[in-house]
2 protein chains.
Amino acid sequence: METRLGEYVDEFTRRDWQTLPPDAVEDPVRLAVVGAGWFTAEWALPGIERSAFTEATVVTDVDADAVDAVASGTDLTGVPPEAFRAGEVAEEYDAVYVATPNATHLQYVEAAAKQGKAVLCEKPMEASPERAERLVEVCEDASVPLMVGYRMQTDPVVRRLKDLVDAGFVGDPIHVHATMSQTMLGELTGDTDQWRLDPDLSGGCALMDIGIYPLNTTRFVLDADPVAVSGHTRTEHEAFEGVDEHADFRVEFPGSVAAMCTVSQNATHASRLEISGTEGRVVLDPAFYEREERELSVERGDVRMDVEVDPVHQLEEEFAYFGHHLLTETPFHPDGRHALVDSRALEAIYESAETGESVRLTE
Amino acid sequence: METRLGEYVDEFTRRDWQTLPPDAVEDPVRLAVVGAGWFTAEWALPGIERSAFTEATVVTDVDADAVDAVASGTDLTGVPPEAFRAGEVAEEYDAVYVATPNATHLQYVEAAAKQGKAVLCEKPMEASPERAERLVEVCEDASVPLMVGYRMQTDPVVRRLKDLVDAGFVGDPIHVHATMSQTMLGELTGDTDQWRLDPDLSGGCALMDIGIYPLNTTRFVLDADPVAVSGHTRTEHEAFEGVDEHADFRVEFPGSVAAMCTVSQNATHASRLEISGTEGRVVLDPAFYEREERELSVERGDVRMDVEVDPVHQLEEEFAYFGHHLLTETPFHPDGRHALVDSRALEAIYESAETGESVRLTE
């Protein structure tokens, strides 16, 4: 038995999806990076660099200074967005990573699809389900692969959590609790002049930007899609006028499994996911942020085990998965159709917050 | 600063409500115990015995064998319930503790009130708000003090949690998560022939029996009453036919603070309470059971502190508080009017589970 535990520990952070060894890669997937904000600079570009399956070759942004800041001193070709969309440097990349404000994803994905390039689009996929659907169709019509950047799905701790639930560790899942919160104005940029506060660009704030983590991660771990949602939003701080500062929502999965979720852009930093069932309980805390330790706690019967794991570089894992699957021509799990379910659920939660009614999701 | 931490640790389990020293008590409050089930035998009678402010003198139950089992080899006077209600041994007790099935509380409280005895009634106070209200009125009309057995309110860890929230440790509370679950048929009695499965005797199962812990403890810690509730119940296992096996519910407090709660009579043992706010986060896990360690976790800024505390004997604390407040003629916090708020909220959650609508609570 102790051998099994040793193997479990040793293989905890394995890439179960990897069939092509990184050192066999001669020509990594060349990426054009669209959007040169802080997340690109601090997380995406380092992730692309660390991944053996990808390399960044082109960068674009409406902010020419941001492009310069990212490209200077590197081999990156910086181009204005018009030139990028016109395909002027299309021979320099094989795929496009889109990390711009939500409501601007579509135009870049349309350009990439027209150029025949594979797409990795940040989540949420777009600012509304209608635009998200167009985005998916554009890729399908052009037969370009589309992955959506759900970095939790390639985090090994989350994959192990899913493995445990798949293997019946908790028995039948009964309840999920999930929370994610941050002080957006302090912790991140300290800046109220940002697109997440503009509903036209973001499509929403706490629920759209953060709510998607509990929602999608629960879907991934349970391997199930929502059948009904309800929720509430609220805004108190004047900086959040016109968008949702806090949100709470309930997602019902098949078999009446209920996920109780809370998110906030203006509360103390926290993130946690708990799944409890007829037999056991698994908890990930911290759960959702890219920049902190992972702790997985598993409880069944009289025993609880805590697994503390140094964080992987989540963006390295995400880009490695993207590049690997392109090179091996393997379909992505978090693809456009998968992401559309979130777009529709988020809109339904906003609708519920307006009407006070639960919304059933049918497809 | 280190002195302050030392004082905090040393005084963590203090009885902040105690003005009369236990060793000053010459004549403890004499209690008649109504209901001789496992909780009385295993928890209430030892609690009464341990408390310097109380002693048990009389026991009654519809089950004469249970009375014998509890009374034999002790000084307790065992009487049939008819004799008890008729006041035949009323000179042997000063107060009455009622721990029978929910729907039978009223008849014993009526008898106690008629006899002019103070009452400690188990929660939920009765099986419906109408009967709960009659119970409160009976005591008020007879001018007998009525306390309801919310043992969380006298648990020092919960009181420290409340102190932290009162002192602004979390800033403005934003979200609450609470869960409580057990395998009622396995963990407790293994018996499907029990009153909690009979809706006429219990008024409900998971929500009524367990939901009251997250609900009341959140009210206590936030020092606030619900303004709106919604919820869902479900039943899968045949043993729970006619009652709720699982329930999830949302309680909205003033200022739109949302508490997301899940409870189950047929899921893995767990109990947890989390309150997060604009500044910090406090978590109690385990939270609600009488028979386990307490761990309080407090987080603010970059620091998290875990306080592990040996459990007090919760029933000793509850009976000590009851006896102490009777001897010092101090009003109880968890009194009948306080408990009525829970009765109404629980009924409103059941109503919401039927209609799918949120229910506003007005007084």
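Residues numbered from 1 in each chain as written. Chains lettered and ligands numbered in written order. Predicted model: local features only at pLDDT ≥ 70, side-chain atom pairs only at ≥ 80, totals over all residues. Heavy atoms only, no water.

The name recorded for chain A in an unreviewed UniProt entry is D-xylose 1-dehydrogenase Gfo6, from Halobaculum halobium.

Draft legend 1. Just the overall build of chain A, in detail. Of regular secondary structure, chain A possesses 12 helices and 15 strands. Rg of the C-alpha trace for chain A: 20 Å, near the compact-globule value of 21 Å for 363 residues, within the 12% margin. Summarising its shape, the C-alpha atoms of chain A cover approximately 60 × 55 × 40 Å along the three principal directions. Expressed as a percentage of its 363 residues, the buried residues of chain A come to 59%. If you take every contact in chain A between residues at least 6 apart in sequence, the share linking residues at least 24 apart comes to 68%. About 14,400 Å² of surface is accessible on chain A, with carbon and sulfur atoms providing 46% of the total. (Helix = DSSP H or I, 4+ residues; strand = E, 2+ residues; numbered from the N terminus. Rg over C-alpha atoms; globule rule 2.2 N^0.38 Å. Buried < 20%, exposed > 50% of the residue type's maximum accessible area, 1.4 Å probe, protein only. Contact = heavy atoms within 4.5 Å. Areas by Shrake-Rupley, 256 points an atom, 1.4 Å probe, with all protein chains shown as cover.)

Draft legend 2. View of empty space enclosed by the protein. All names here are of chain B. Counted according to the given criterion, the structure contains one cavity of 30 Å³ or more. Roughly 30 Å³ of internal volume is contained in the largest cavity. If you go around the largest cavity, the residues you meet are Lys 123, Tyr 150, Met 152, Ile 212, Tyr 213, Asn 216 and Thr 217. Considering only residue class, the lining of the largest cavity consists of four nonpolar, two polar and one charged. (1 Å grid on protein atoms, 1.4 Å probe; cavity = no way out; pocket = protein on both sides within 12 Å on 5 of 7 lines; lining within 4 Å. Points joined across faces, edges and corners; volume = space filled by probe spheres on them. Nonpolar A, V, L, I, M, F, W, Y, C, P; charged D, E, K, R; others polar.)

Draft legend 3. Looking closely at the UniProt feature "domain: Gfo/Idh/MocA-like oxidoreductase N-terminal" (unreviewed entry) in chain A. The UniProt record annotates "domain: Gfo/Idh/MocA-like oxidoreductase N-terminal" (unreviewed entry) at residues 30–150 of chain A. Secondary structure across residues 30–150 of chain A divides into 41% helix and 21% strand, with the first and last C-alpha atoms of the span separated by 20 Å. (UniProt positions renumbered as here; feature names shortened; annotations may be inferred.)

Draft legend 4. Here's a closer look at the packing of helix 7 (residues 156–166) of chain A against helix 10 (residues 206–222) of chain A. Residue and element names in this part refer to chain A. One can describe the packing of helix 7 onto helix 10 by two numbers: an axis separation of 8 Å at closest approach and a directional angle of 45°. Relative to helix 10, helix 7 is oriented oblique. Where helix 7 approaches helix 10, its residues Val 158, Arg 159, Leu 161, Lys 162, Val 165 and Asp 166 are matched on the opposing element by Thr 217, Phe 220, Val 221 and Leu 222. (Axes fitted to C-alpha atoms, helices over the stretch in contact; angles between N-to-C directions. Parallel < 35°, antiparallel > 145°, perpendicular 65-115°, else oblique.)

Draft legend 5. Local environment of the sheet that holds strand 5 (residues 118–121) of chain B. Residue and element names in this part refer to chain B. Spatially, the six strands line up as an open sheet ordered 3-2-1-4-5-6, and their pairing is parallel. Single-partner strands in this sheet number two, and they are strand 3 (77–79) and strand 6 (146–148). Taken pair by pair, the neighbouring strands of this sheet meet at an average axis angle of 25°, ignoring direction. Here strand 2 (residues 54–60) pairs with strand 3 via three bridges, running parallel. Paired with Val 58 across the strands is Thr 77, a residue of strand 3. (Pairing = 2+ DSSP bridges.)

Draft legend 6. Focus on the interface of chain B and chain A. Residue-level contacts link 39 residues of chain B with 39 residues of chain A. Both faces combined, the contact of chain B with chain A buries some 2,900 Å², and carbon together with sulfur accounts for 49% of it. Counting the contacts that link chain B with chain A gives four salt bridges. Residue B:Asp285 is joined to A:Arg281 by a salt bridge in which the shortest nitrogen-to-oxygen separation is 3.1 Å. For the pair chain B and chain A, the interface holds 20 residue pairs in polar contact (both at pLDDT 80 or more). Listed by contribution, the elements that provide at least two residues to the side of chain B that touches chain A are strand 7 (173–183), strand 8 (228–234), strand 9 (246–253), strand 10 (257–264), strand 11 (266–277) and strand 12 (280–284) of chain B. Of all the elements, strand 11 of chain B adds the most residues to the side of chain B that touches chain A, at eight residues. (Buried area = accessible area lost by both parts, 1.4 Å probe. Salt bridge = Lys/Arg side-chain N within 4 Å of Asp/Glu carboxyl O. Polar contact = N/O pair within 3.5 Å; in protein donor to acceptor, adjacent residues only side chain to side chain.)

Draft legend 7. Inspection of the sheet that holds strand 11 (residues 266–277) of chain A at higher detail. Residue and element names in this part refer to chain A. Sheet architecture is open: nine strands sit in the order 14-13-12-11-7-10-9-8-15, paired in mixed fashion. Here the strands that pair on one side only, and so sit at the sheet edges, are strand 14 (303–309) and strand 15 (359–360). Bridge count for strand 11 against strand 12 (residues 280–284) is four bridges, and the pairing is antiparallel. Across the sheet, the residue bridging to Ser 276 is Arg 281, located in strand 12.

Draft legend 8. Local environment of the pattern of salt bridges. Under the defined criterion, the tally for this structure stands at 56 salt bridges over all chains. Note that A:Glu133 is salt-bridged to A:Arg344, the shortest N-O span being 2.9 Å. Residue A:Glu133 is found in helix 6 (residues 129–142), and its partner A:Arg344 is found in helix 12 (residues 336–355); the two are separated by 211 residues along the sequence. A:Glu133 gets classed as partly exposed once you look at its relative accessible area, which sits at 27%. Among the ionic contacts, a cluster of salt bridges with common partners joins A:Arg272, A:Glu274, A:Arg281, A:Asp285, A:Glu299, B:Arg272, B:Glu274, B:Arg281, B:Asp285 and B:Glu299.

Draft legend 9. How the structure looks around the pairing of strand 8 (residues 228–234) of chain A. All names here are of chain A. The buried count for strand 8 comes to five of seven residues, which makes it a mostly enclosed element. Where strand 8 meets strand 9 (residues 246–253), seven bridges bridge the pair, whose relative direction is antiparallel. Bridge pairing in strand 9 places Arg 234 opposite His 246. Inspection of the sheet shows strand 8 paired to strand 15 by two bridges, in the antiparallel sense. Note that in strand 15 the partner of Ala 228 across the bridge is Arg 360.

Draft legend 10. Region of interest: the domain arrangement of chain A. All names here are of chain A. Along its sequence, chain A is carved into domain 1 (14–149) and domain 2 (156–311 + 334–360). Computed from C-alpha atoms alone, the centre-to-centre distance between domain 1 and domain 2 is 25 Å. The interface is formed by 26 residues belonging to domain 1 together with 25 residues belonging to domain 2. Summed over both partners, the interface of domain 1 with domain 2 comes to about 2,200 Å²; 59% of that surface belongs to carbon and sulfur atoms. On inspection of domain 1 and its partner domain 2, the count reaches five salt bridges. (Domains from an automatic or database assignment.)

Draft legend 11. Expanded view of a nonpolar patch on the surface. All names here are of chain A. On the surface, Leu 5, Tyr 8, Val 9, Val 303 and Met 305 cluster together into a nonpolar patch covering about 440 Å² of accessible area. When residues of the nonpolar patch are traced back to their parent elements, those giving at least two are helix 1 (2–10) and strand 14. Per element, the largest residue contribution to the nonpolar patch is three residues, and it comes from helix 1. Within the secondary structure, Val 9 sits in helix 1. (Patch = residues over 30% accessible without salt bridge, like charges linked within 9 Å, V, L, I, M, F, W, Y side chains within 5 Å.)

Draft legend 12. Region of interest: the packing of helix 2 (residues 38–50) of chain B against helix 11 (residues 314–327) of chain B. Residue and element names in this part refer to chain B. Following both chains from N to C, one finds helix 2 and helix 11 inclined at 55°, their axes separated by 7 Å at the closest point. With respect to each other, helix 2 and helix 11 are oriented oblique. Crossing angle aside, the handedness with which helix 2 passes helix 11 is right-handed. Taken together, the residues of helix 11 that come into contact with helix 2 (itself represented by Phe 39, Trp 43, Ala 44, Gly 47, Ile 48 and Arg 50) are Leu 315, Glu 316 and Phe 319. (Left-handed = near helix turned anticlockwise from the far one by under 90°.)

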